[in-house]
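What the coordinates show
Here is what each chain is made of, one letter per residue.
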Amino acid sequence: DPRLSGRGLVKRYGSTTALAGVDIDLGEEEALAIMGPSGSGKSTLLHVLAGVLVPDEGAVTLRGRRVERLSERERSLLRRGRYGFVFQHGQLLSELTALENVAIASMLDGEPRAQAQELAVQWLAALGVADERDRRPGEMSGGQAQRVAVARALVTRPDVVFADEPTGSLDQATGQDVMRVLTESTRAVGASLVVVTHDASVAAWCDRRVDVRDGLVVAPQHAVPADAVP
Ligand code: ADP
Ligand code: ADP
């Protein structure tokens with residue numbers, strides 16, 4: 001069975017149909033890229049799969065558990081404990097240091113402060129940003145901030161990491177560097193990964209790619225050709 005699946009997903013905003021009946025599977029420890037033009041429904045699909053949005057129709061199943069039937073509170077706990085999130089920018093709290101940003105994610109998942117801080121130190125080191133521990137996001141480079149964001153996403157050892165344009169605010173070389181650490185570290189903890197991107201060089205880091213057009217997965221779900229990997 002897939003780790004996470006969506007079946008017949010429909011999501012409307014008023015008269016706009018953002019998802020028109022999407023079927024999608026995410027395998028165990030698989031990295032999946034979701035591509036498509038602006039407005040095609042990628043972000044909506046990511047938010048529905050992540051339990052941030054509830055679909056109007058269809059089912060989201062995480063390891064046999066029906067996510068869309070959970071209460072708001074249960075979905076919040078699921079997101080904190082079983083999911084990690086990496087966005088384009090801004091997911092780090094600007095008033096907190098790198099260490100505090102990672103530790104707080106662990107504490108929200110129930111870890112006592114001392115253990116959370118210890119885990120945060122370990123994760124910052126694993127992501128190559130140990131020296132940034134006492135810096136706030138505004139005092140780091142964009143690439144360093146995204147490495148801290150990856151540490152924050154992984155500190156709870158999630159089942160699935162969701163990344164929405166994770167390289168969107170970075171230059172090409174830094175973006176490739178962040179994709180390398182994101183895919184390697186996600187695999188190392190046994191998490192599956194969903195990356196929304198419009199950049200083929202970002203998608204190339206994933207095991208598989210799907211294309212979304214007008215709220216539907218259109219292209220056959222094909223493997224990324226090996227020669228597309230940088
Ligand atoms: P993408 O991530 O591919 O750019 P989105 O999922 O953001 O696509 O949007 C899909 C469609 O749904 C678009 O037509 C968009 O304008 C619309 N949409 C997205 N979010 C909202 C919202 N909160 N309210 C109304 N329409 C929305
Ligand atoms: P709560 O508001 O119940 O505390 P959280 O904000 O802790 O829930 O949500 C858990 C995770 O879901 C966070 O890591 C957060 O980044 C992500 N998340 C919450 N809301 C959104 C959203 N609108 N879009 C994308 N991700 C979100």
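My aim in this report is to walk through the structure given alongside it, one point at a time. Per chain, residues are indexed from 1 in the order of the written sequence. Key to labels: chains lettered from A, ligands numbered from 1, both in the order written. Per-residue local features are limited, in this predicted model, to residues with pLDDT of at least 70; the limit for side-chain atom pairs, both in listing and counting, is 80 or more; totals at the level of whole chains, interfaces and linings are taken over all residues. Side-chain figures throughout are based on the complete set of non-hydrogen atoms in the structure, without hydrogens or water.

1. Thoughts on helix 6 (residues 172–188)
Numbering of helices and strands starts at the N terminus; helices are DSSP runs of H or I of at least 4 residues and strands are runs of E of at least 2. Helix span is expected to be 1.5 Å times the residue number reduced by one. An ideal rise of 1.5 Å per residue puts 24 Å on 17 residues; helix 6 measures up with 24 Å between its terminal C-alpha atoms. Buried residues of helix 6: G175, Q176, V178, M179, V181, L182, T183, S185 and T186, and no others. In this fold, the buried residues of helix 6 make contact with strand 6 (83–86), helix 5 (142–154), strand 7 (160–164), strand 8 (192–196) and helix 7 (200–203). Where helix 6 terminates, the next one or two residues include G190, which has phi positive at roughly 80 degrees. For the exposure calls, accessible area comes from a 1.4 Å probe over protein chains only, and a residue counts as buried if that area is under 20% of its type's maximum, exposed if over 50%, partly exposed in between. Note on contacts: a residue pair qualifies if any of its non-hydrogen atoms lie within 4.5 Å across the two residues.

2. Things to note about the sheet that holds strand 5 (residues 65–66)
Whether two strands pair comes down to DSSP finding at least two bridges between them. The sheet built from four strands is open, its strands ordered 2-1-4-5 with antiparallel pairing. Across the chains shown, the open sheet's two edge strands, defined by having one partner strand only, are strand 2 (16–26) and strand 5. Two elements, strand 1 (residues 4–13) and strand 2, share eight bridges in a ladder whose sense is antiparallel. The residue of strand 2 that forms the bridge with L4 is L26.

3. Some words on the pattern of salt bridges
In the sections that follow, a salt bridge refers to a side-chain nitrogen of Lys or Arg positioned within 4 Å of a carboxyl oxygen of Asp or Glu. In the structure shown here, the tally under the stated rule is 16 salt bridges. One salt bridge in this structure joins D159 and R82, with 2.9 Å as the shortest N-O distance. One end of the pair, D159, is in the loop between helix 5 and strand 7; the other, R82, is in helix 2 (residues 72–82), with 77 residues separating them in the sequence. Among the residues examined, D159 registers a relative accessible area of 7% and is labelled buried. The salt bridge partner of D134 is R133, with a shortest N-O separation of 3.6 Å. Take D134: its relative accessible area is 56%, and that puts it in the exposed class. Its relative accessible area of 35% is what places R133 among the partly exposed residues. Among the charged side chains, a salt-bridge network with shared partners connects R3, E28, R63, R82 and D159.

4. A look at helix 4 (residues 113–126)
In this model helix 4 runs 20 Å from its N-terminal to its C-terminal C-alpha over 14 residues, within 8% of the 20 Å that 1.5 Å per residue would give. If you check which residues of helix 4 are buried, you get A116, A120, W123 and L124. Mapping the buried residues of helix 4 onto a view down its axis gives an arc of 100 degrees, with all of them on the same face. Turned more than 90 degrees away from the buried face of helix 4, the exposed residues are A114, E118 and A126. Next to the buried residues of helix 4 lie helix 3 (98–108) and helix 5. Among the residues trailing helix 4, G128 stands out with phi positive, at a value near 80 degrees. This arc describes the spread of directions from the helix axis toward the C-beta atoms.

5. Here's the deal with the site of ligand 1
The criterion for a residue being near a molecule or strand is simple. One of its heavy atoms has to lie within 4 Å of it. Taken together, Y13, T16, A18, P37, S38, G39, S40, G41, K42, S43 and T44 make up the full set of residues adjacent to ligand 1. Contacts described as polar in this section are N or O atom pairs within 3.5 Å, which, within protein, must combine one atom able to donate a hydrogen with one able to accept it, while residues neighboring in sequence count only if both atoms come from side chains. Here P37 contributes a backbone N or O atom positioned 3.5 Å from an oxygen atom of ligand 1. Here an oxygen atom of ligand 1 and a side-chain polar atom of K42 are 2.9 Å apart. The fraction of the free accessible surface of ligand 1 (560 Å²) that becomes covered by protein chains is 57%. At the level of secondary structure, the elements contributing two or more residues to the shell around ligand 1 comprise strand 2 and helix 1 (42–49). With three residues, helix 1 is the largest single contributor of residues to the shell around ligand 1. Charged means Asp, Glu, Lys or Arg here, nonpolar means Ala, Val, Leu, Ile, Met, Phe, Trp, Tyr, Cys or Pro, and polar covers whatever is left, Gly included. Looking at side-chain class alone, the shell around ligand 1 contains three nonpolar, seven polar and one charged residues. Residue burial considers only the protein chains on display, and all accessible areas are found by Shrake-Rupley using a 1.4 Å probe.

6. Points about the packing of helix 5 against helix 6
To get an axis, a line is fitted to the C-alpha atoms, and for a helix only the part in contact is used. The angle between two axes follows their N-to-C directions and goes from 0 to 180 degrees. Remark: helix 5 packs on helix 6, axes separated minimally by 10 Å, with the N-to-C direction vectors making an angle of 15 degrees. Here helix 6 runs roughly parallel to helix 5, going by the angle between their axes. Both helix 5 and helix 6 take part in a crossing whose hand is right-handed. Contacts between helix 5 and helix 6 pair G143, Q146, R147, V150 and L154 from the former with T174, D177, V178, R180, V181, L182, S185 and T186 from the latter. Classifying every residue of the contact of helix 5 with helix 6 by side-chain character gives five nonpolar, five polar and three charged. Each angle is binned into one of four classes, with values under 35 degrees roughly parallel, values over 145 roughly antiparallel, values of 65 to 115 roughly perpendicular, and all other values oblique. With the far helix as reference, a near helix turned anticlockwise by less than a right angle produces a left-handed crossing, and one turned clockwise produces a right-handed crossing.

7. What to know about the packing of aromatic side chains
Aromatic rings considered in pairs are described by the distance between their centres and by the relative angle of their planes. Aromatic rings from Phe, Tyr and Trp, taking only the six-membered ring of Trp, are treated as a pair when their centres fall within 6.5 Å; an angle between ring planes under 30 degrees marks them as stacked, one over 60 as edge-to-face, and anything in between as tilted. Following the criterion strictly, the structure yields three aromatic pairs and no others. Aromatic pair Y83 and F162: ring centres 4.9 Å apart, planes at 80 degrees, arrangement edge-to-face. Of the two residues, Y83 is situated in strand 6 and F162 in strand 7; the sequence distance between them amounts to 79 residues. In this structure Y83 comes out as buried when scored by relative accessible area, which is 2%. Note on F85 and F87: the rings are 6.0 Å apart at their centroids and 40 degrees apart in plane angle, and the pair reads as tilted. Judged by its relative accessible area of 29%, F87 falls in the partly exposed class. By the ring-pair criterion, three or more aromatic residues cluster together here, those being Y83, F85, F87 and F162.

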